[in-house]
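Observations on the model geometry
For reference, the chains in residue letters:
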Amino acid sequence: MRQVGLSTLAALAIAIIAVSSSAPLIAFAAAPALAIAFWRNAAGAAALAAPALARRRGQLRDLLRPGAGRRTLAVTALSGACLAVHFGAWVPSTKLTSVAMSVALVSTTPVWTALIAAARGVRSPASTWAGIAVAVAGVALATGADPQLSGRALLGDALALTGGIAAAGYTLLGARARASLATTAYATVCYSVCAALLLIAGLAAGVRLWGYDRGTILAIAAMVAGPQLLGHTLVNYALRRVSATTVAVLLLLEVPGALAIAWLLLGQLPAARTLPGIAVLLAGVAAVLLGGRRRRDGPDQPMKGGTIISPEAIGTT
């Protein structure tokens, strides 16, 4: 068993802090949700385009060739579309419900990937199904704990769950595309498609895409530098040394991390009655992740059965 070094532990700690900042920064930014989602992905694609063109020009060129190349391009584009739905649903949720509930509910992605895998005939162990049941019970407990919960908060909860479902599609499609594409090539195309769809949606909805105050601009820049680039980069670094399941379980610490940052940045805390439900939900998701674990060729490989974890889909917030 490979020993985890100090650099890997440091990378994971920084990655967790980086992704934990996402929801609080979104809630802080005084900009429309679709605009935030667009700029975050557009800036991410722009930052990755140069290294992708420099090092993976051949792979990008092959995507335009008939046959396998165009099929990979189609899968990557569909992955980008799922990512657009994920951000288009989840980002607004952070402004409608509490940061803790939003992040906890969007973290149900492994539950949905397990259900999709089961629908495709992939057998999952009993522990995975037990984890799904616990996660569902946690959702019911968290959302039903406050009898005075507003319709606005319920809409935010529903959007966060939708974001988690969309991230499952991004996970599964990303795993297929990554079989023949390097990280920078895949992410550049995926983020570009996502940004283009969010731009179209924003323009159609009449969303203001510029003219924000300095604080909002800095918040969006921090999202790009932190969760979008630094967080994902360090997650991929850790995945070379630690199993995808372990990384995914550790990234569930994003929920208490986001809660702490939201408290410091926004003075926002969820209703105390929802916290036990959130804890049960996270325990269920962790059980799904651990229950779906299978033997693999190496620590950085996706699962061969049960819950499929794509390195590119860990930490989609």
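Structure report, in brief. Note that this is a predicted model, so its numbers are computed, not measured. (Residues numbered from 1 in each chain as written. Predicted model: local features only at pLDDT ≥ 70, side-chain atom pairs only at ≥ 80, totals over all residues. Heavy atoms only, no water.)

**Considerations on the overall build of the protein chain**
Defined as follows: For the purposes of this entry, the term helix denotes a DSSP run of H or I that reaches at least four residues, the term strand denotes a run of E that reaches at least two, and both are numbered from the N terminus. For every residue, the accessible area obtained with a 1.4 Å probe (protein chains only) is divided by the maximum for its type, and the residue is called buried under 20%, exposed over 50%, and partly exposed between those limits. Note on definitions: a residue-residue contact is assigned when non-hydrogen atoms from the two residues lie within 4.5 Å. Only the protein chains shown count as cover for residues, with accessible areas throughout obtained via the Shrake-Rupley method and a probe of 1.4 Å.
Of regular secondary structure, the protein chain possesses 14 helices and zero strands. The helix and strand sequence of the protein chain, counted from the amino end, reads α-α-α-α-α-α-α-α-α-α-α-α-α-α. Looking at the protein chain residue by residue over its 317 residues, the buried ones come to 51%. Pairs at least 24 apart in sequence give 85% of the contacts found in the protein chain among residues at least 6 apart. Accessible surface for the protein chain amounts to roughly 13,700 Å². Of this, 67% is attributable to carbon and sulfur atoms.

**Side note on empty space enclosed by the protein**
Threshold: Cavities and pockets were defined on a 1 Å grid built over protein atoms only: a cavity is a set of grid points that admits a 1.4 Å probe from which the probe cannot escape, a pocket is an open set flanked by protein on both sides within 12 Å along at least five of seven lines, and lining residues are those with an atom within 4 Å of any such point. Grid points are joined across faces, edges and corners, and a volume is the space filled by probe spheres set on the points. Only Asp, Glu, Lys and Arg are considered charged in this grouping, and only Ala, Val, Leu, Ile, Met, Phe, Trp, Tyr, Cys and Pro are considered nonpolar; every other residue, Gly among them, is considered polar.
Evaluation of the coordinates by the stated rule reveals three cavities of 30 Å³ or more. If you add up the space inside the second largest cavity, you get close to 40 Å³. Of all the secondary-structure elements, those providing two or more residues to the lining of the second largest cavity are α5 (68-96) and α11 (214-239). Residues of the lining of the second largest cavity, tallied by class, amount to four nonpolar, three polar and one charged.

**Notes on the pattern of salt bridges**
The cut-off we apply is this: The salt bridge definition used is simple: a Lys or Arg side-chain nitrogen within 4 Å of an Asp or Glu carboxyl oxygen.
This structure, assessed with the given rule, holds one salt bridge. R65 is the partner of D62 in a salt bridge, and the nearest nitrogen-oxygen pair spans 3.0 Å. Its relative accessible area of 33% is what places D62 among the partly exposed residues. The class for R65 is partly exposed, based on a relative accessible area of 47%.

**As for the side chain of S98**
Definition in use: Here a polar contact is recorded for every N or O atom pair within 3.5 Å, except that within protein the pair must consist of a potential hydrogen donor and a potential acceptor, and residues adjacent in sequence are included only if both atoms are side-chain atoms.
Structurally, the position occupied by S98 is in the loop between α5 and α6 (99-106). S98 gets classed as buried once you look at its relative accessible area, which sits at 16%. Side-chain polar atoms of S98 contact the backbone nitrogen of M101, separated by 3.1 Å. S98 has contacts with Q268 and P270, leaving out every residue within four places of it along the chain.

**Quick word on the nonpolar core**
Selection rule: Note on terminology: a nonpolar core comprises buried Ala, Val, Leu, Ile, Met, Phe, Trp, Tyr and Cys residues joined through side-chain atoms within 4.5 Å.
In this structure, I36, F87, W90, V91, M223 and I278 are the most contacted members of the largest nonpolar core, which totals 66 residues. In terms of residues, this core owes the most to one element, helix α10 (residues 183-204), which gives nine residues. Here I36 is in contact with I26, A29, A31, V91, K95, I220 and M223, once residues within four sequence places are set aside.

**Some points on the side chain of S102**
Turning to its location among the elements, S102 is positioned in helix α6. Setting aside residues no more than four positions away along its own chain, S102 makes contact with W90, S93, T94, T97 and A160.

**Notes on a nonpolar patch on the surface**
So the rule is basically this: Every patch collects residues that have over 30% relative accessible area and no salt bridge, joining them within 9 Å if they carry like charges and within 5 Å if they are nonpolar side chains (Val, Leu, Ile, Met, Phe, Trp, Tyr).
Where nonpolar side chains cluster on the molecular surface, the patch consists of F28, L265 and L266 and spans about 230 Å² of accessible area. The topology assignment puts L265 in helix α13 (residues 254-266).

**Considering α6**
Within α6, eight of the eight residues are buried, leaving the element largely enclosed by the surrounding structure. Among the residues of α6, those classed as buried are V99, A100, M101, S102, V103, A104, L105 and V106.

**Side note on the packing of α6 against helix α9 (residues 151-177)**
Test applied: Simply put, an axis is a line fit to the C-alpha atoms, just over the touching stretch for a helix, and the angle between two N-to-C directions goes from 0 to 180 degrees. Geometric relationships in this document are graded by angle, where less than 35 degrees denotes roughly parallel, more than 145 denotes roughly antiparallel, 65 to 115 denotes roughly perpendicular, and other angles denote oblique. Crossings are classed by handedness, with left-handed meaning an anticlockwise turn of the near helix from the far one by less than a right angle and right-handed meaning a clockwise turn.
The geometry of α6 relative to α9 is characterised by a closest axis approach of 7 Å and an angle of 30 degrees between their N-to-C directions. As summarised for this structure, α6 and α9 are arranged roughly parallel, according to the angle between their axes. Between α6 and α9 the crossing geometry is right-handed. Mapping the contact onto sequence places M101, S102, L105 and V106 in α6 and D157, A160, L161, G163 and G164 in α9. When the residues that make up the contact of α6 with α9 are grouped by side-chain class, the tally is five nonpolar, three polar and one charged.

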